[in-house]
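Observations on the three-dimensional arrangement
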Amino acid sequence: MFEQYMDSVRREEIAYPKLFASYAEREYGILYYMEDNRDSYDGNHGCLYPEKIQDLGTVLEDITAFYRALGRRALLYHPFEKDYFRRHEGVLQAHGYTYTPEEPHRVMLLTGENRIHTEKRLDIRVLNGWDQRVAEDILLPSGEPWEVEVTKRRAEQEGAYLFVGCLGEKAVAYTDIHLSRQGDNTRFDYIVTAEEQRGKGFASELLGFVVEYCKENRFPLCWQWAGPSEHICYEAGFREAFSIEAGYAAGPQVG
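Now for a look at the structure at hand. These numbers were taken from a predicted model, which means no experiment stands behind them.

**Examining the overall build of the chain**
When you go through the chain residue by residue, the secondary structure sums to eight helices and twelve strands. Taken against the 2.2 N^0.38 rule, which gives 18 Å for 255 residues, the C-alpha radius of gyration of the chain at 19 Å falls within 12% of a compact globule. Taken along its principal axes, the extent of the C-alpha atoms in the chain is 60 × 40 × 30 Å. Counting the 255 residues in the chain, one finds 50% classified as buried. Across the chain, every contact between residues at least 6 apart in sequence was considered, and the portion connecting residues at least 24 apart equals 70%. Carbon together with sulfur atoms contributes 46% to the accessible area of the chain, which is approximately 12700 Å² in total. Between the mean site of the 29 positive side-chain charges and the mean site of the 43 negative ones, the chain shows a separation of 0 Å.

**Section: the pattern of salt bridges**
A complete count under the given rule lists 21 salt bridges for this structure. For the salt bridge of E81 with R87, the shortest nitrogen-to-oxygen distance reads 2.6 Å. The class of R87 is partly exposed, set by a relative accessible area of 48%. When the shortest N-O distance is used, the salt bridge between E113 and R115 registers 4.0 Å.

**A few points about the pairing of strand β1 (residues 22-26)**
In the sheet, β1 pairs with strand β2 (residues 29-33) via five bridges, with the strands oriented antiparallel. Across the sheet, the residue bridging to Y23 is Y32, located in β2.

**A closer look at the layout of surface pockets**
Taken as a whole, the second largest pocket spans an internal volume of roughly 200 Å³. Around the second largest pocket sit R11, E12, I14, A15, Y16, K18, L19, I30, Y49, H178, R181 and Q182, which together line it. The biggest single contributor to the lining of the second largest pocket is helix α1 (residues 3-15), with four residues. A class-by-class count of the residues in the lining of the second largest pocket yields six nonpolar, two polar and four charged.

**Observations regarding the packing of aromatic side chains**
Applying the stated criterion across every chain yields a total of 16 aromatic pairs. Ring centres of F66 and Y67 lie 5.1 Å apart, and the angle between their planes is 90°; on these two criteria the pair is classed as edge-to-face. Here F66 falls in the buried class, since its relative accessible area comes to 15%. Its relative accessible area of 1% is what places Y67 among the buried residues. Residues Y84 and F85 carry aromatic rings whose centres are separated by 6.1 Å and whose planes lie at 50° to one another, so their mutual orientation is tilted. In this structure, Y84 and F85 share a single accessibility class: buried. Taken together, the ring pairs connect Y161, F163, F209, Y213 and F219 into an aromatic cluster.

**Some words on the environment of R198**
Tracing the chain through its elements places R198 in the loop between β10 (192-193) and α7 (202-216). The sequence separation of R198 and V211 amounts to 13 residues, and the corresponding C-alpha distance is 20 Å. In contact with R198, not counting residues within four places along its chain, are S142, E144 and T193.

**Section: unusual backbone geometry**
Although it is not a glycine, D83 sits at a positive phi angle of roughly 60°. Summarising the element assignment, D83 is placed in the loop between β4 (75-77) and α3 (84-87). Relative accessible area serves as the criterion here: at 26%, D83 is assigned to the partly exposed category. Its identity is not glycine, yet L221 carries a phi of approximately 30°, on the positive side. Among the secondary structure elements, L221 is positioned in the loop between α7 and β11 (222-225).

**Side note on α7**
The end-to-end C-alpha distance of α7, which contains 15 residues, comes to 21 Å, matching closely the 21 Å that a straight helix rising 1.5 Å per residue would cover. All buried positions along α7 are accounted for by F202, A203, S204, E205, L206, L207, G208, V210, V211 and C214. With its phi angle positive at about 55°, R218 sits one or two positions after the end of α7.

**Focus on the side chain of D131**
Within the secondary structure layout, D131 lies in the loop between β6 (123-127) and α5 (132-139). Reaching out from D131, the side chain makes a polar contact with the side chain of R133 at a distance of 2.6 Å. Residues in contact with D131, not counting those within four places in the same chain, are L162 and V164.

Criteria and thresholds
Residues numbered from 1 in each chain as written. Predicted model: local features only at pLDDT ≥ 70, side-chain atom pairs only at ≥ 80, totals over all residues. Heavy atoms only, no water. Helix = DSSP H or I, 4+ residues; strand = E, 2+ residues; numbered from the N terminus. Rg over C-alpha atoms; globule rule 2.2 N^0.38 Å. Buried < 20%, exposed > 50% of the residue type's maximum accessible area, 1.4 Å probe, protein only. Contact = heavy atoms within 4.5 Å. Areas by Shrake-Rupley, 256 points an atom, 1.4 Å probe, with all protein chains shown as cover. Lys, Arg positive; Asp, Glu negative; His and termini not counted. Charge placed at Lys NZ, Arg CZ, Asp CG, Glu CD. Salt bridge = Lys/Arg side-chain N within 4 Å of Asp/Glu carboxyl O. Pairing = 2+ DSSP bridges. 1 Å grid on protein atoms, 1.4 Å probe; cavity = no way out; pocket = protein on both sides within 12 Å on 5 of 7 lines; lining within 4 Å. Points joined across faces, edges and corners; volume = space filled by probe spheres on them. Nonpolar A, V, L, I, M, F, W, Y, C, P; charged D, E, K, R; others polar. Phe/Tyr/Trp six-rings, centres within 6.5 Å; stacked < 30°, edge-to-face > 60°. Expected span 1.5 Å × (residues − 1). Polar contact = N/O pair within 3.5 Å; in protein donor to acceptor, adjacent residues only side chain to side chain.

Printed below as a string of structure tokens:
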């Protein structure tokens, strides 16, 4: 039923790190890296296009050399092709790569009714840019400094919307969404709540607001990865639609 949406979501997920990371495009895929944030899992990895690869061994050698020149170990996300790494595990091992499978990523689409009805306590602001309070009030006190630059770069890109929920002038929760360059889908990111404000329903209130904002503005195909707040997302109208194979291959150690 939802197969028509799979290509749209897959395409957006491959291109998404372009919002905040540097990258090198190859015929066989895209190699992402962040010179000032090596701890970002989302900003330091490669994505492959299996249909464009004739000799995986040669591709792996090129990828290893690329990341080694940056002083880091290569990391490849599993391509959006079933069992690709498992079917080529011998080639991966021969070139020093170790494949680690993960549970499939489950995709939720906004297809149901928003049933979140909470007390309106937050002053929610919709921004097309960065709000430093996200860093000062939420991320830094929560011990997540590596997320600051990634979120800041995302929020400053065309098609991005940053939603910041405040109590007075203090930010207590935020999330961001991004409209794809093709204009055919809207990617939701996770909601982050200030550590001392968790468990009070602020994430639900913020998500309910964002969902209604997207509906009122007719944003296309709203989707997100299923995760820890899946029950809240269900109340907001998100329903699991399909799964995408997940895992990664880590290249040879550097130095």
